[in-house]
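Summary of the model geometry
Residue-level listing of the chains:
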Amino acid sequence: AKIFASVEAAGGDLHFLAATTNRSRGQRQTVLTPRQLAARWQERMVRDGVKGGILFGTERTGLHSVDVDRADVVCNIPTTGTYGSLNLSHAVMVIAYEVMLAMEVNREMGLMAVEHKTLASADDMNRLFTHLETVLREIDFIKPGQGRVMMGSLKALFNRAALDKREVSILR
């Protein structure tokens with residue numbers, strides 16, 4: 001982060017500037033949602049050397065109109081209710097998240113679902129179902145002469161889950 005004495009000093013070398021506000025000020029600029037801003041940001045930032053910035057105001061007063069007027073576009077986070085302003089940190093988070101998604105940056109830093117590529121085979125699943133039925137009968141969950149409907153439901157449930165070999169091993 002860098003601290004500047006003025007908005008002019010901070011934005012003097014920028015090629016694209018967005019201002020955030022919740023107040024209608026008769027803007028001449030295009031007013032965008034965070035998602036629309038992120039798409040515009042992605043379009044502009046693909047060229048080498050292009051620099052952009054997003055202005056956020058203070059929680060108490062927001063941005064001054066003169067600073068909003070400097071911007072290329074205005075971003076407004078749609079809210080409902082009588083008090084539509086967000087806490088500054090929340091507004092920054094919403095916009096930064098949308099920009100991150102649009103730019104597809106740093107996805108490796110987030111928690112990603114582990115995908116196991118090797119799905120369990122039909123034989124693996126049948127061994128699981130046989131084992132499961134045996135155990136359920138041993139603990140008297142399935143009564144003698146019963147179980148066809150219960151096992152059918154359990155098979156459908158596990159088949160919908162598209163288990164991989166490791167998951168079948170864990171269940172067994």
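One number sums up the size of the largest pocket: a volume of about 470 Å³. Among the residues forming the lining of the largest pocket, the class breakdown is eight nonpolar, 12 polar and four charged. Roughly 370 Å³ of internal volume is contained in the second largest pocket. Surrounding the second largest pocket, 15 residues form its lining, Phe 4, Ala 10, Leu 14, Gly 52 and Gly 53 being those nearest its centre. Within the residue set of the lining of the second largest pocket, elements represented by two or more residues are α1 (7–11) and β3 (52–55). When residues of the lining of the second largest pocket are assigned to their parent elements, the largest contribution, four residues, is made by β3. For the lining of the second largest pocket, the class distribution of residues is eight nonpolar, four polar and three charged.

Rules used in this analysis
- Residues numbered from 1 in each chain as written.
- Predicted model: local features only at pLDDT ≥ 70, side-chain atom pairs only at ≥ 80, totals over all residues.
- Heavy atoms only, no water.
- 1 Å grid on protein atoms, 1.4 Å probe; cavity = no way out; pocket = protein on both sides within 12 Å on 5 of 7 lines; lining within 4 Å.
- Points joined across faces, edges and corners; volume = space filled by probe spheres on them.
- Nonpolar A, V, L, I, M, F, W, Y, C, P; charged D, E, K, R; others polar.
- Helix = DSSP H or I, 4+ residues; strand = E, 2+ residues; numbered from the N terminus.

Geometric values such as these leave the question of function open.
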